Amino acid sequence: GLADKGWEDGDELEQMSSRLQDATAECQLCRQDLVPILDILQSSPGPEIWSKLLYELNPRTVDVSISDLRYLQDSISSCFLHGPHAGQPIEQLVLDLHSGKTSPSNLALEVVRWHGHYRTLGHRRVWALKTWLQEAQHGASGSAWQGTQVRATFLPLVGKVTDAT
């Protein structure tokens, strides 16, 4: 193992790799989500391994197709509870997207990678985006926004999560 090669952090990295493999043993999709981290943990040891791990384990911005975003829960409230839309009905955000008052690129989204897909932590915002996009594709929108991708903060998920379905 890594410790046998004389690298002082080898045991710790092998334990991390083993724990991640155990945590994803029952789900091939979850294991695929962690491939970048497992590849780093199983690579040749050296000081650069920590900077690679920090990159993979820290939040970062990703571009995600609206249609590819999935939910972590199976129901949502009809009004926003927090953030800039607090107290407003979700439908108001859909209308604001249609009118151009709000742009999809201005919505703060957070996502995790779970079971092979990006899953949102902002369920109401994603519902509004998906509704807006569906209506826009059917000609019901005067919006000038042409893209179907949004920027999201990707939060690495390295533990077990309970499926909402």
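Residues numbered from 1 in each chain as written. Predicted model: local features only at pLDDT ≥ 70, side-chain atom pairs only at ≥ 80, totals over all residues. Heavy atoms only, no water.

Q: Hey, could you go over the pattern of salt bridges for me, with residue numbers and the actual values?
A: This structure, assessed with the given rule, holds three salt bridges. With a shortest N-O distance of 3.6 Å, D33 and R113 are connected by a salt bridge. Note that D33 is positioned in helix α2 (residues 28–33) and R113 in strand β2 (residues 110–114), a separation of 80 residues in sequence. Using a relative accessible area of 18% as the deciding quantity, one classes D33 as buried. R113 sits in the partly exposed class, given a relative accessible area of 28%. A salt bridge links R151 to D63, with the nearest nitrogen and oxygen atoms 2.7 Å apart. Here the residue R151 occupies a position in strand β4 (residues 149–154), and D63 occupies one in strand β1 (residues 60–65), the gap between them amounting to 88 residues. (Salt bridge = Lys/Arg side-chain N within 4 Å of Asp/Glu carboxyl O. Helix = DSSP H or I, 4+ residues; strand = E, 2+ residues; numbered from the N terminus. Buried < 20%, exposed > 50% of the residue type's maximum accessible area, 1.4 Å probe, protein only.)

Q: So, the sheet that holds β4: which residues are in play, and what are the values?
A: Ordered in space as β1-β4-β2-β3, the four strands form an open sheet in which the pairing is mixed. The sheet terminates laterally at β1 and β3 (117–120), the two strands that pair on one side only. Taking each pair of neighbouring strands and ignoring which way they run, the sheet shows an average axis angle of 50 degrees. Sheet topology note: the β2/β3 ladder contains four bridges and is antiparallel. Bridging across to β3, V111 finds its partner in T120. (Pairing = 2+ DSSP bridges. Axes fitted to C-alpha atoms, helices over the stretch in contact; angles between N-to-C directions.)

Q: With reference to specific residues and values, describe the layout of surface pockets.
A: Volume-wise, the second largest pocket comes out at about 200 Å³. Along its surface, the second largest pocket is lined by 13 residues, and L121, G122, H123, R124 and R125 are the ones closest to its centre. Counting residues per element, the lining of the second largest pocket draws most heavily on helix α6 (residues 123–137), at three residues. Of the residues contributing to the lining of the second largest pocket, the split by class is five nonpolar, five polar and three charged. (1 Å grid on protein atoms, 1.4 Å probe; cavity = no way out; pocket = protein on both sides within 12 Å on 5 of 7 lines; lining within 4 Å. Points joined across faces, edges and corners; volume = space filled by probe spheres on them. Nonpolar A, V, L, I, M, F, W, Y, C, P; charged D, E, K, R; others polar.)

Q: Give a detailed account of the confidence of the model for the protein, specifying residues and quantitative values.
A: The predicted coordinates of low-pLDDT regions are not to be read in fine detail. With 83% of its residues at a pLDDT of 70 or more, the protein has an overall mean of 81. Confidence scores differ between elements of the protein, with helix α1 (residues 10–23) showing the lowest mean pLDDT of 79 and helix α5 (residues 90–99) the highest of 95. Every residue in residues 141–145 is under pLDDT 50, and counting partners more than four places away or in other chains gives twelve contacts. (pLDDT = per-residue confidence, 0-100. Contact = heavy atoms within 4.5 Å.)

Q: Which residues make up the pairing of β4, and what values go with them?
A: A one-sided burial pattern is seen for β4, the buried positions being V150, A152 and F154 and the unburied ones Q149, R151 and T153. Of the strand pairs in this sheet, β1 and β4 are connected by six bridges, and their pairing is antiparallel. Bridged to R60 within β4 is F154. Here β2 runs beside β4; their pairing, made up of two bridges, is parallel. By the bridge assignment, V111 is partnered in β4 with F154.

Q: Pulling in residues and values, what's your account of the nonpolar core?
A: If you look at the biggest cluster of nonpolar residues, it comprises 20 residues, and the most contacted ones within it are L69, L109, L129 and W132. For this core, the elements supplying multiple residues, two or more each, are β1, α5, α6 and β4. Top element by residues in this core is α6. It accounts for five residues. Within the second largest apolar cluster, ten residues are counted, among which are L20, I37, L38 and L41. (Core = buried A, V, L, I, M, F, W, Y, C linked by side-chain atoms within 4.5 Å.)

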